[in-house]
Amino acid sequence: MALGGESRIAARCANRPRVVLSNVPAGPAIYRVGFWADAEASVGFIWSKESVTERCHSDVATVAKPEVGSGPAARVAVIFGASGGIGGALVEAIQTAESFEHVVAFSRSSSPSIDLLDETSLERATAYAATLGELRLVIDATGFLHDDRHRPEKTWRQLDADSLARSFALNAIGPALIMKHVLPRLPQSGKAVFATLSARVGSIGDNRLGGWYSYRASKAALNQLVRTAAVELARRSPDAICIALHPGTVATALSAPFAAEGLKVHSPATAAQHLLAVIDRLSADANGCFFDWRGQPVPW
Ligand SMILES: NC(=O)c1ccc[n+]([C@@H]2O[C@H](COP(=O)([O-])OP(=O)(O)OC[C@H]3O[C@@H](n4cnc5c(N)ncnc54)[C@H](OP(=O)(O)O)[C@@H]3O)[C@@H](O)[C@H]2O)c1
C-alpha cells in the first residue's frame, strides 16, 4: 500500500465526504477531520472508560464507541511509516473514525519526509506535528525484514554484519530516535499513547523456532528500548503510555515472501482495527508493556 504524496491522499479522501482535506502546501500529508466522533464508528480512539484492569493483561473483546474530548488544544494523531501496509491502513482507519482534528502521515515520501537513518528528519517531523496541537496518539509503523540484499537468516552460517547492522538501525535505533523526539512532546497530563510495531518473534521467552536472527534480535532490542523509555516517561507524564505492539501476521510487502499455508493472515485494514482497539482500551498501567493484536500480553 502506498500512501505518500498529497495527490494520492486527495484521491482517497474524495470518497469520504465528511473529511475535508487540508491543503497545506509545505506540510506533511494531513487530514483535517471533524471535531466530533462518529457514533457508529467501529473503532474509537478517545479512550474508553473501561480500562485495562491488570497491568499488562488487557483483553480486548469488544470495541468501545468513541468519546470526544473537549479541551481547547487540537488533538493530533501521527503515523510514522504511513507508506507501509499497516501504517497506511492505520492512517485510513484513524481518519475514518474522525476522533482527531489532525492525522499526520509521515513516510519517506511525505513532506516533510522522515528517514529512520536520519535523526534530523525525525526531529523535524515531530516538531512539525507538535505545532498542530497535542500529540495524543503516535504510532511508529516502520520496520524492516528483507530487501534485495538482505534475507532473514535460517542458520547462524548466514549471519552477516551488514544485515545485523541494517536490522538494528531500522528496527531498533530508528524507533528509539522517534521516541527521543516524540515522548518529551506528549502532553504531561491526560491519556496519550506512543506505540511502536514490534513483532512476536522479537520475544525471547517465546522463541521456539529459531532463525531470523537479525529481525528477532533487533525487535528484542526495540522492546527493551520501549520498556526503558516507558519508565522515564512515567516520571514526566504519568497518564501517558509507551508500548510495543505485535500486529499479528498481516498481508503486506514485508510478510509476502514468507506467506505459508494455514497461517492466519489479516488484511492491513483488519490489523489496523485490531491495533486501534487495543490502544483504545489501554490505561496508564499498561505503560511499558508488549501486547499482541488481541490485547494479550506477549512475553518479553
Ligand atoms: N506484516 C506482518 O506480518 C508483521 C508481523 C509482525 C510485525 N510487523 C511489524 O509491523 C511494522 C509494519 O510492517 P508492515 O507489514 O506494514 O511492513 P511494510 O509494508 O514493509 O512497511 C514498512 C514501513 O517501514 C518504512 N521504512 C522502512 N525503512 C525506512 C526508513 N529508512 N525510513 C523511514 N521509513 C522506513 C517503509 O517505508 P517505505 O515505504 O519508504 O519503504 C514502510 O512505511 C514493522 O515494524 C513490522 O516489523 C509486521
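Residues numbered from 1 in each chain as written. Predicted model: local features only at pLDDT ≥ 70, side-chain atom pairs only at ≥ 80, totals over all residues.

### Some points on the overall build of the protein
As a reminder, the rule being used: The helix and strand labels rest on DSSP assignments: H or I over at least four residues marks a helix, E over at least two residues marks a strand, and numbering proceeds from the N terminus. Residues are called buried when their C-beta atom has 20 or more other C-beta atoms within 10 Å, exposed when it has 12 or fewer, and partly exposed otherwise; all C-beta atoms are positioned from the backbone. The contact criterion used here is simple: two residues whose C-beta atoms, placed from the backbone, lie within 7 Å are in contact.
Helices and strands together make up the secondary structure of the protein, namely six helices and eight strands. Counting from the amino terminus, the protein carries its helices and strands in the arrangement α-β-β-β-α-β-α-β-α-β-α-β-α-β. The buried share among the 300 residues of the protein stands at 48%. If you take every contact in the protein between residues at least 6 apart in sequence, the share linking residues at least 24 apart comes to 72%.

### Focus: the packing of helix 2 (residues 85–97) against helix 6 (residues 268–281)
For clarity, the threshold we go by: As a rule, the C-alpha atoms of each element are fitted with a line to give its axis, helices using only the stretch in contact, and angles between N-to-C directions run from 0 to 180 degrees. Working rule for handedness: look at the near helix, and if it is turned counterclockwise from the far one by less than a right angle, call the crossing left-handed; if clockwise, right-handed. Just so you know the grouping, Ala, Val, Leu, Ile, Met, Phe, Trp, Tyr, Cys and Pro go in nonpolar, Asp, Glu, Lys and Arg go in charged, and all remaining residues, Gly too, go in polar.
Contact pair helix 2 / helix 6: the axes reach a minimum separation of 8 Å and the direction vectors enclose 65°. Where helix 2 crosses over helix 6, the two elements pack in a sense that is right-handed. On helix 6, the residues touching Gly85, Ile86, Gly88, Ala89, Leu90 and Ala93 of helix 2 are Pro268, Ala269, Ala271, Ala272, Gln273, Leu275 and Leu276. Residue classes in the contact of helix 2 with helix 6 are distributed as 10 nonpolar, three polar and no charged.

### What about the site of the ligand?
Stated precisely, the cut-off is as follows: In this analysis, residues qualify as near a molecule or strand once their C-beta atom, positioned from backbone atoms, comes within 6 Å of it.
Close to the ligand lie 27 residues, the nearest being Ser83, Gly84, Gly143, Thr252 and Leu254. Take the shell around the ligand: its biggest share by element is three residues, from helix 2.

### Brief notes about the confidence of the model for the protein
The condition that has to hold: Every residue gets a pLDDT, meaning the predictor's confidence in that residue, from 0 to 100.
Mean pLDDT for the protein: 81, with 76% of residues reaching 70 or above. With pLDDT under 50 throughout, residues 1–55 is counted as low confidence; its partners more than four residues away or in other chains account for 124 contacts. Here residues 57–70 is modelled with pLDDT under 50, and outside its nearest four sequence neighbours on either side it reaches 43 contacts, counting other chains as well.

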